[in-house]
Structures are given as structure tokens and as C-alpha cells.
Amino acid sequence: MSTLLHVRPCPPGAQPAPAAQLAWKLGELAAACRPVDAGAAALAACRLVDNAAIAIAALNRAPVAAARAQALCFPRPGGARVIGLGADVRVDCTWAAYANTTAVRELDFHDSFFALDSSHPADCIMTLLAVAQQAGLDGAALMRGILVAYEVQTALVQGLPLQRHRIDHVAHLGPAVAAGLGAMLGLSVPVIYEAVNLAAHLSLGTRQIRKGRISSWKASAPGHIGKCAIEAIDRAMRGESAPSPIYEGDYGILAVLLGGYEAEITLLAPDAPCLAILQTLPKAHSAGYHGQAIIDLALRLHPRVPDPTAITSVVLHTKRMT
């Protein structure tokens, strides 16, 4: 059902052949014709509804309004829709992806996945939906793209530790969305390979976004990554190349940003269904994942404390990142 890929930095002046690189293997995963698991498909539909609901709830938040105003500067007949506006309003899919993903991310209320790193795989959905709308694709194609994007992102999160090197986890989102777009559009492995290389390159940023002053860009970052992935796919479809090997190169992600890390990446076999979405968990509360258990604890303690003003202090023991 799966294969284990050992990914290591290559020495200066040497590089693995394209077919041996992680980006190529992700392209193969995306391009494979594989069965669809009914449970995974049903959950993907639920995640799409969840995304729409939390986006609507966030429409009047300032970062969402700003992103929507930016998107309206790029009208396009036959383009994609912007959540909260009428069906007759259409904009370029790159900007619809940006605005709608910002709306989904703003309230911090969608799904999560944890391994060597953390992630919010549902950040991929609105980008895929925007491209599907502009390209006139059906629900089956959109479903295929969502399931592949989840598969790629969870594989990268399990294999590459970004947080310990202070790299933000959206670095995994870009190649995942590019792979999902490639699957949805039915593109070939070489085209998806170029798009994954470029999307991975463009998605890198430090975790300062989540430290110090946490600005409104935290909500907008996944939408920006979606834009980058769309542009990477568009460029690859026009026959343009991208930096490679983006992971294994001596100036690549493993060598420069992850301190020479050698990774073990588990990838699906070509005939296996995408099941990674079944490992993701939706949040119970509109808050960062670090706070979910604390909120649960507070709700459980509340009826046991008849007079909250009698509390002088609360001590919480938790992990360093929280």
C-alpha cells in the first residue's frame, strides 16, 4: 500500500536524476489513476462544507474584507467565485483562492494534522475549488485534487521537521496544493514535478509569522501559498522549468534550511486510494490547536467553581510551543 523513500542532500556538483527526486515522486503520486475510498470522499465533502461555513462566519473580519477587496481588483468573466458575493461576481482564480482561503483561516477553526510538524490540510480546499470553478471541472475532479493534496501534505509533515528549524509549516502546503492541482487537472508527471519544485521554493518562510507580533498575515499566508501554487502550475503547463532538485540539492531545502537532514518519506503505492484525510482532526473550538485542551478543561471546571472570583491563580503545565 505504500513505499518508503529515503531523501538526502546531494553533494556539490552531483544531483539525483529527476525520477529519483522527491518532487518527481510527489508528481507520480498525483498523476496516478487510483481508486477513491468512499469514507475519504465523504470526509472531503464534509471538509468542503466546514470550510464554507467558517469562511462565512469570518466575512466581516478585517483581514477577510481586505483580501476580498484585493480580489475584486481582478475581475474575470468565467472566473471563480468569492465567498459572500453574488454568483455574478467572478474574479481570477488566483485571487479567489487568496480571498476565500483567508476567510477559512481567519477564525482558526478548521482541521489539523500532527507528526514531525503541524499542519492544517484544509487550507488546500479553497484554492482547488477556485481553479475547479474557473476551469469548469466537475466534483469528481475536485475530490481527486483534495484527496491528493491531503496525501502529500501529511506525507511531508510526517517526514520533514520544519518547526525545529524555525521554518513555517506552510512550506508543506505549497507542494501539496500544486500536486492536488495537477491531479485535479489530469496533468502529467513531468509537469507536476516542475510545479511542485517551484511551489516548494516559493512557500518557504520563517516561523516569525507565529511569534512576537502575530499580524493579520497569519490568516492570509495560506491563501498566498495557494496563489503561488496556482502560478507554479500555470507556469509548468506553459513548459517552463523550476529550481531543482528543490529538496535534495546542495543549495536546497534539506541542505540549507534543515541542516543536512536525511528524511524518510512514506508515499502511496500507485494503485492505493488516498486515505490521509481520515487521519486529520477538526477543531472543536475557534482557537489555535495549542489551546483546544485548555478550553475543554476550562469548560469542564466551570460548573465546579461556583464563584470564579475566588480563584487567585491558575497554573498550566504544557509543552514548549504552547
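Attention here is on the structure that accompanies the text. None of the values given here were measured: they were computed from a predicted structure.

1. Thoughts on the sheet that holds strand β7 (residues 281-282)
Phase 1: Read from one edge of the open sheet, three strands run β5-β4-β7, paired in antiparallel fashion. Each edge of the open sheet carries a strand with a single partner, namely β5 (118-119) and β7.
Phase 2: As paired strands, strand β4 (residues 111-114) and β7 are joined by two bridges and run antiparallel to one another. When the bridges of β7 are listed, Asp111 appears paired with Pro282.
Phase 3: Against the sheet, helix α6 (residues 139-159) contacts β4 and β5, and its axis sits at roughly 40 degrees relative to β4.

2. Digging into α6
Phase 1: Taking 1.5 Å per residue as the helical rise, α6 with its 21 residues ought to reach 30 Å, and the 30 Å between its terminal C-alpha atoms agrees with that figure.
Phase 2: Across the 21 residues that make up α6, a large majority, 17, are buried.

3. Remarks on empty space enclosed by the protein
Phase 1: Under the counting rule described, the total for this entry stands at one cavity of 30 Å³ or more.
Phase 2: Empty space within the largest cavity amounts to approximately 40 Å³.
Phase 3: Around the largest cavity, the lining residues are Leu160, Leu162, Ala171, His172, Ala200, Leu204, Tyr247 and Ile253.

4. Comments concerning the packing of aromatic side chains
Phase 1: This model, assessed by the stated rule, comprises four aromatic pairs.
Phase 2: Centre to centre, the rings of Trp95 and Tyr98 are 5.6 Å apart; their planes meet at 80 degrees, and the pair counts as edge-to-face. Taken together, the residues Trp95 and Tyr98, both in helix α4 (residues 93-106) and three residues apart, mark about one turn of the helix. Grouping residues by exposure puts Trp95 and Tyr98 together as buried.
Phase 3: Seen in terms of ring centroids, Phe114 and Tyr289 are 4.6 Å apart; in terms of plane orientation they differ by 65 degrees. Their pairing is edge-to-face. One end of the pair, Phe114, is in strand β4; the other, Tyr289, is in the loop between β7 and α11 (292-301), with 175 residues separating them in the sequence.
Phase 4: Overall, Phe114 belongs to the partly exposed group, its relative accessible area being 43%.
Phase 5: When the ring centre of Trp95 is taken as reference, the NZ or CZ atom of Lys227 above it lies at 4.4 Å.

5. Some words on the layout of surface pockets
Phase 1: Considered as a void within the structure, the second largest pocket measures approximately 290 Å³ in volume.
Phase 2: Every residue lining the second largest pocket is counted, 14 residues in all, and those nearest its centre are Cys93, Val131, Gln134, Ile230 and Asp234.
Phase 3: Within the residue set of the lining of the second largest pocket, elements represented by two or more residues are α4, α5 (125-135), α7 (170-185) and α9 (217-237).
Phase 4: For the lining of the second largest pocket, the leading source of residues is α9, giving four residues.
Phase 5: Split into classes, the residues belonging to the lining of the second largest pocket amount to eight nonpolar, two polar and four charged.

6. Some remarks on helix α2 (residues 38-57)
Phase 1: Look at α2: 29 Å from first C-alpha to last across 20 residues, which is about the 28 Å you get at 1.5 Å a residue.
Phase 2: Listed in full, the buried residues belonging to α2 are Ala40, Ala41, Ala44, Arg47, Asn51, Ile54 and Ala55. In an axial view of α2, the angular spread of the buried residues amounts to 150 degrees, which keeps them on one side of the axis. Every exposed residue of α2 that faces more than 90 degrees away from the buried side is listed here: Ala38, Val49, Ile56 and Ala57.

7. Re the packing of α7 against helix α8 (residues 189-202)
Phase 1: Orientation of α7 relative to α8, taken along the N-to-C sense of each, is 155 degrees, at an axis distance of 8 Å. Here α7 lies roughly antiparallel to α8, going by the angle between them. Remark: the crossing between α7 and α8 carries right-handed chirality. On α8, the residues that touch Gly174, Pro175, Ala178, Ala179, Gly182 and Ala183 of α7 are Ile192, Ala195, Val196, Ala199 and Ala200.
Phase 2: A breakdown of the residues in the contact of α7 with α8 according to their chemical character gives nine nonpolar, two polar and no charged.

About the criteria used
Residues numbered from 1 in each chain as written. Predicted model: local features only at pLDDT ≥ 70, side-chain atom pairs only at ≥ 80, totals over all residues. Heavy atoms only, no water. Pairing = 2+ DSSP bridges. Helix = DSSP H or I, 4+ residues; strand = E, 2+ residues; numbered from the N terminus. Contact = heavy atoms within 4.5 Å. Axes fitted to C-alpha atoms, helices over the stretch in contact; angles between N-to-C directions. Expected span 1.5 Å × (residues − 1). Buried < 20%, exposed > 50% of the residue type's maximum accessible area, 1.4 Å probe, protein only. 1 Å grid on protein atoms, 1.4 Å probe; cavity = no way out; pocket = protein on both sides within 12 Å on 5 of 7 lines; lining within 4 Å. Points joined across faces, edges and corners; volume = space filled by probe spheres on them. Phe/Tyr/Trp six-rings, centres within 6.5 Å; stacked < 30°, edge-to-face > 60°. Lys NZ or Arg CZ within 6 Å of the ring centre and 35° of its normal. Nonpolar A, V, L, I, M, F, W, Y, C, P; charged D, E, K, R; others polar. Arc of directions from axis to C-beta. Parallel < 35°, antiparallel > 145°, perpendicular 65-115°, else oblique. Left-handed = near helix turned anticlockwise from the far one by under 90°.

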